[in-house]
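If you want the building blocks of each chain, they are given just below.
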Amino acid sequence: MSNIDLIEQMDLHLRAWQDSGVEWLPRAGGAMIIPENARAQPAAAVPLFAKAMVQAPPQLTVVSPYPFDPSLFAAGQIPLPAVRGDVGPPLLELPVLEDYQRERAMKDLAYKVSQCKKCPDLVRGRTQTVFGIGPLSPKLCIVGEAPGFNEDKQGEPFVGPAGELLTRMLLASGFKRDEVYICNILRCRPPENRPPLPEEAANCRSFLVQTLELVRPSHICLMGASATKYLLGRDEFIGQLRGQELWWRGIPVTATYHPSYLLRSPAKKHEAWADLQAMVIRMGQLLPEKNG
Ligand code: URA
């Protein structure tokens, strides 16, 4: 078997795991169950295969619940846990895939998203699913909340008025929009643009995590409280989270106000601008010169 065949075989195996819901694998084994008190000491993690979770002793907390079939929890031995944000190995420690493999995996993922029927309310109301857009390995990835009216119609995130403001905010921070990867917590528009429900975010979480694993951004900017709540598992208001040095699986994270909120509350724009300036400095980049 040639090396390419071998890579293809490995790729197929890994994707079969992914299809069955496994988000990540440690280097030496299967899915992991980590004792509640062991998050700061990964060595205490106990490698187990996903199916073994039903036999997990009660003192163990399943920290990566959503990639797995929830029916595993149905017998009631293990309660379905709340979202825990920063779970999984550092992104940059995942095996490096060739670009062609990443591009193919992204296309497969986008197809899987387009076929998703997990949230009946959202499926009923959507024109189409809205996947992310942008280059692989960008310096910056924006994570918003969910598609709105315009995004649902056009199939692209952040293309309405909030998207126009986002594009201007990016430019003012030294980024062209097409240099940045842009996605949302949800891939379907919620009815009346309401915030995502916890179960919807849970259903969509493995799509987001797989996207971030494939995209491998150097920095993540979370826009609004839904993004911080459902990616990081943090319940605080943005006003409390902004300015903090946040991380997701080894990637530095900035939290700031959502552009839609800034359109409604323009007095907060200067705070968002300060957040983006701090982000650019934390990224080791130069702020663009002011025009005029
Ligand atoms: N708001 C979001 O959070 N995402 C979009 O794509 C558009 C508006």
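Just above sits the structure.
Residues numbered from 1 in each chain as written. Predicted model: local features only at pLDDT ≥ 70, side-chain atom pairs only at ≥ 80, totals over all residues. Heavy atoms only, no water.

**A closer look at the packing of aromatic side chains**
- On inspection of all chains with the given rule, the structure shows one aromatic pair.
- Its end group placed over the ring of Phe207, Lys118 keeps NZ or CZ at 5.3 Å from the ring centre.
- Lying over the aromatic face of Trp247, Arg282 brings its terminal NZ or CZ to 5.0 Å of the ring centre. (Phe/Tyr/Trp six-rings, centres within 6.5 Å; stacked < 30°, edge-to-face > 60°. Lys NZ or Arg CZ within 6 Å of the ring centre and 35° of its normal.)

**Considering a nonpolar patch on the surface**
- A cluster of nonpolar side chains, contributed by Trp273, Ile281 and Leu287, occupies part of the molecular surface with about 260 Å² of accessible area.
- Turning to its location among the elements, Leu287 is positioned in the segment after helix H10 (269-282). (Patch = residues over 30% accessible without salt bridge, like charges linked within 9 Å, V, L, I, M, F, W, Y side chains within 5 Å. Areas by Shrake-Rupley, 256 points an atom, 1.4 Å probe, with all protein chains shown as cover. Salt bridge = Lys/Arg side-chain N within 4 Å of Asp/Glu carboxyl O. Helix = DSSP H or I, 4+ residues; strand = E, 2+ residues; numbered from the N terminus.)

**Details of the nonpolar core**
- Formed by 59 residues in total, the largest nonpolar core has its most connected members in Leu140, Ile142, Val143, Ile185, Ile220 and Trp248.
- In contact with Val143, other than residues within four places in its own chain, are Cys183, Asn184, Ile185, Leu208, Ile220, Cys221, Leu222, Met223 and Ala227. (Core = buried A, V, L, I, M, F, W, Y, C linked by side-chain atoms within 4.5 Å. Buried < 20%, exposed > 50% of the residue type's maximum accessible area, 1.4 Å probe, protein only. Contact = heavy atoms within 4.5 Å.)

**What about the pattern of salt bridges?**
- Going through the model one piece at a time under the given rule, you end up with 11 salt bridges.
- For the salt bridge of Arg234 with Glu236, the shortest nitrogen-to-oxygen distance reads 2.8 Å.
- When its relative accessible area of 26% is taken as the criterion, Arg234 is described as partly exposed.
- Lys268 is the partner of Glu271 in a salt bridge, and the nearest nitrogen-oxygen pair spans 3.5 Å.

Such coordinate-based values are descriptive only and should not be taken to indicate function.
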